[in-house]
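# What the coordinates show
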Amino acid sequence: TQLLEQSPQFLSIQEGENLTVYCNSSSVFSSLQWYRQEPGEGPVLLVTVVTGGEVKKLKRLTFQFGDARKDSSLHITAAQPGDTGLYLCAGELDNTGKLIFGQGTTLQVKP
Amino acid sequence: GAGVSQSPSNKVTEKGKDVELRCDPISGHTALYWYRQSLGQGLEFLIYFQGNSAPDKSGLPSDRFSAERTGGSVSTLTIQRTQQEDSAVYLCASSLGTSNTGELFFGEGSRLTVL
């Protein structure tokens, strides 16, 4: 059983399109992070959200933490080929520092 | 370098052999994590060390897997009697461990192939 469900698992779009990736759970998280991973490398942190309902923006990326702190979304506006990669959400359980990852969303942006 | 260092970067072994994977975290980071990743998939939690506390081993898939962290720094993940299903990339990460929003810094991983 996957604690964090990401959808979609694979997304192939044209440059300039918008997209949203979802991360859902029945568990409450004390914080949630989004990472991006490129082939042959380790994941790199994009953002951390802590407060229910929190919205953070990073250039063309918008991250939202659900009010109940059980879900999150990542929205990319006007996707670029450089956005191609594996996007991972990770939830922290019970303020322990232990991070559980979702199964990832592979994004391919075609020029 | 200042990042998380993992070795070996690639390991090919025969079924039934033991392997050791090493992780050298960022200096001063008290938290250390091991994850396993199959091709294009998410990260499967294996084990988590935080300071001097007992490690959280709840993700280790079987008793063939073990990990230790010596002196609060370098960690070794050992897989005994390897099986083909153990083939994956093993990722190590460290963090400051001082808050509940700490960023994890990952190494590039050790790719294990069991023939």
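These numbers were taken from a predicted model, which means no experiment stands behind them.

Along the backbone of chain A there are 0 helices and 11 strands. Beginning at the N terminus, the succession of helices and strands in chain A can be written as β-β-β-β-β-β-β-β-β-β-β. Structurally, chain A occupies a C-alpha span of about 40 × 30 × 20 Å along its principal axes. Looking at chain A as a whole, 50% of its 111 residues qualify as buried. The contacts in chain A between residues at least 6 apart in sequence include a share of 54% that link residues at least 24 apart.

All names here are of chain A. Across the sheet, 5 strands lie side by side as 1-3-8-7-6; this open sheet has antiparallel pairing. In this open sheet, the two edge strands, each paired with only one partner strand, are strand 1 (5–7) and strand 6 (55–58). Here the strands of the sheet are splayed against their neighbours by 15° on average, with no regard to which way each runs. Bridging between strand 1 and strand 3 (residues 19–24) involves 3 bridges; their strand directions are antiparallel. Bridging across to strand 3, Ser 7 finds its partner in Tyr 22.

All names here are of chain B. In the structure shown here, the tally under the stated rule is 9 aromatic pairs over all chains. Here Tyr 33 and Tyr 35 contribute two aromatic rings whose centre-to-centre distance is 6.1 Å and whose plane-to-plane angle is 15°, an arrangement assigned as stacked. We note that Tyr 33, like Tyr 35, is buried. Relative to Phe 45, the ring of Tyr 35 lies with its centre 6.0 Å away and its plane at 70°, an arrangement referred to as edge-to-face. Remark: Phe 45 occurs in strand 5 (residues 43–50) and Tyr 35 occurs in strand 4 (residues 31–37); sequence separation between them is 10 residues. Judged on exposure class, the residue Tyr 35 and its partner Phe 45 are both buried.

On to the interface of chain A and chain B, then. Contact residues are listed per partner, giving 25 residues for chain A and 20 residues for chain B. Here chain A and chain B share an interface that buries about 1600 Å² over both sides, 52% of which is from carbon and sulfur atoms. Looking at the side of chain A facing chain B, the largest losses of area belong to Pro43(A), Lys98(A) and Phe101(A), adding up to 27% of the total buried there. In this structure, the connection of chain A to chain B is made through 1 salt bridge. Its salt-bridge partner being Asp56(B), residue Lys98(A) comes within 3.1 Å of it at the nearest N-O pair. Of all the secondary-structure elements, those providing two or more residues to the side of chain A that touches chain B are strand 4 (31–37), strand 5 (44–49), strand 9 (85–92) and strand 10 (99–101) of chain A. Considering every element that reaches the side of chain A that touches chain B, the biggest residue donor is strand 4 of chain A, with 4 residues.

Conventions and cut-offs
- As a convention, each chain's residues are numbered from 1 in the sequence order in which they are written.
- Each chain gets a letter, beginning with A, and each ligand a number, beginning with 1, in the order they are written.
- The model is predicted, so local features are restricted to residues of pLDDT at least 70 and side-chain atom pairs to those at 80 or more, both for listing and for counting; the totals for chains, interfaces and linings are taken over all residues.
- Remark: hydrogens and water are excluded; side-chain values derive from all non-hydrogen atoms of the structure.
- What counts as a helix is a DSSP run of H or I of at least four residues, what counts as a strand is a run of E of at least two, and both are numbered from the N terminus.
- Here's how the labels work: a residue is buried when its accessible area is under 20% of the maximum for its type, exposed when over 50%, partly exposed in between, all with a 1.4 Å probe on protein chains only.
- By definition in these notes, contact holds between two residues if any of their heavy atoms fall within 4.5 Å.
- Strand pairing is assigned whenever DSSP identifies at least 2 bridges connecting the two strands.
- Fitted lines through C-alpha atoms give the axes, limited to the stretch in contact for helices. The angle between two N-to-C directions lies from 0 to 180 degrees.
- The aromatic pairing rule takes the rings of Phe, Tyr and Trp, using the six-membered ring of Trp, and pairs them if the centres are within 6.5 Å, calling planes under 30 degrees apart stacked, those over 60 edge-to-face and the rest tilted.
- Buried area: the accessible area, evaluated with a 1.4 Å probe, that two parts lose upon being put together, summed over both parts.
- Salt bridges are identified by distance alone: a Lys or Arg side-chain nitrogen within 4 Å of an Asp or Glu carboxyl oxygen.

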